[in-house]
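Coordinate inspection notes
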Amino acid sequence: SPQNNAKVAVLGASGGIGQPLSLLLKNSPLVSRLSLYDIAHTPGVAADLSHIETRANVKGFLGPEQLPECLKGCDVVVIPAGVPRKPGMTRDDLFNTNASIVATLTSACAKHCPEAMICVISNPVNSTIPITSEVFKKHGVYNPNRIFGVTTLDIVRANTFVAELKGLDPARVSVPVIGGHAGKTIIPLISQCTPKVDFPQDQLEKLTGRIQEAGTEVVKAKAGAGSATLSMAYAGARFVFSLVDAMNGKEGVIECSFVRSEETESPYFSTPLLLGKNGIEKNLGIGKITPFEEKMVAEAMSELKASIKKGEDFAKSFK
């Protein structure tokens, strides 16, 4: 159908997340053009993917001078660029490197595809989304309904871990995860899980802690060789496919994402969002939550606000 013609760019396409993410996008009938950008290896990654027997046309773009061409006419831009975590690092430790990378790339998006949906994977998401917003404001093209912090991996993990504990099919489990995308700002709403599940308090606390620290679990297991790349690529692709479905007019598409928000005292907050042709159709808010979950929301606030302010301050001084 003429609607399945999404033009998608991946910025950071040669990296640990970028390559498997690009593979999943190339494999989708929703994508007609795949533009791959990085500062190294993109011609090779593009050549490799271009041999796959699906219709998405793949092109590789190398280095800053080719970035404008990569972005022209794009409907969706996904940004996994940046450095991964090493053991002992927090997501916030990545700030200094990744903040400038995201500011530079989103600045190019604001110039060359101001209408595109921007999906940021680069950590720390709690700061890189405020950076993206401020950059778009600077260029006078800011639309809060089109800028998304991809937190889908938290949802994917919550679904998997709940399913494991309850002996359910993970594909049928759906746990909303709200808040942010780092440590205790990650707030799984197990009380809103479908199908309904119950855990004793000690098990609930352990499960919640595992969801919050699942990224660190992978960083440790990889022992210095990187962070979550394959599961992140899966989650990133899942979010992009939902977004493109909604842009194509599919109704009732809901995903959680870290976005500009009025739902709490934090200026950015992840909640379930109804997606539509123009990005966020409606913020569905937090809904009814338990006292345990309320306490987590309250405890996340100061860290969230600090990370957001850090991002905003960085963007204001970025040339």
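An unreviewed UniProt entry lists the protein under the name Malate dehydrogenase, with Chauna torquata given as the organism. In its Sequence similarities (unreviewed entry) section, UniProt records this for the protein: "Belongs to the LDH/MDH superfamily. MDH type 1 family." Of the protein, the UniProt comment under Catalytic activity (unreviewed entry) reads exactly: "(S)-malate + NAD(+) = oxaloacetate + NADH + H(+)".

**A look at the side chain of S242**
Within the secondary structure layout, S242 lies in helix 9 (residues 230-247). Among the residues examined, S242 registers a relative accessible area of 12% and is labelled buried. Each residue touching S242, except ones within four places of it in the same chain, is listed here: V253, E255 and L275.

**Things to note about helix 8 (residues 214-222)**
Because each turn of an α-helix spans 3.6 residues, side chains separated by three or four positions in sequence point in the same direction. Every buried residue of helix 8 is listed here: A214, G215 and V219. Seen from one end, helix 8 has its buried residues packed into an arc of 145°, which puts them on one side. Turned more than 90 degrees from where helix 8 packs its buried face, K220 and A221 sit exposed. Turning to helix 8, the residues buried within the fold contact helix 6 (152-166) and helix 7 (201-212). After helix 8 finishes, the residue A223 shows a positive phi value of roughly 45°.

**Remarks on the UniProt feature "domain: Lactate/malate dehydrogenase N-terminal" (unreviewed entry) in the protein**
This chain's UniProt record puts "domain: Lactate/malate dehydrogenase N-terminal" (unreviewed entry) on residues 7-149. Annotated as residues 7-149, this span is 38% helix and 21% strand, and its ends, taken at the C-alpha atoms, are 19 Å apart.

**Section: empty space enclosed by the protein**
Taken as a whole, this structure holds 1 cavity of 30 Å³ or more when the rule is applied. Here the largest cavity is characterised by a volume of approximately 40 Å³. Forming the walls of the largest cavity are P114, E115, A116, I118, F136, V141, N143, R146 and I147. Its residues assigned to classes, the lining of the largest cavity comprises 6 nonpolar, 1 polar and 2 charged.

**What about the environment of P170?**
Checked against the element boundaries, P170 lands in the loop between helix 6 and strand 7 (177-179). In this structure P170 comes out as partly exposed when scored by relative accessible area, which is 39%. Between the C-alpha atoms of P170 and T160, which are 10 residues apart in sequence, the distance is 5.3 Å. Once residues within four sequence positions are removed from consideration, P170 is found in contact with N159, T160 and A163.

Criteria and cut-off values
Residues numbered from 1 in each chain as written. Predicted model: local features only at pLDDT ≥ 70, side-chain atom pairs only at ≥ 80, totals over all residues. Heavy atoms only, no water. UniProt positions renumbered as here; feature names shortened; annotations may be inferred. Helix = DSSP H or I, 4+ residues; strand = E, 2+ residues; numbered from the N terminus. Buried < 20%, exposed > 50% of the residue type's maximum accessible area, 1.4 Å probe, protein only. Contact = heavy atoms within 4.5 Å. Arc of directions from axis to C-beta. 1 Å grid on protein atoms, 1.4 Å probe; cavity = no way out; pocket = protein on both sides within 12 Å on 5 of 7 lines; lining within 4 Å. Points joined across faces, edges and corners; volume = space filled by probe spheres on them. Nonpolar A, V, L, I, M, F, W, Y, C, P; charged D, E, K, R; others polar.

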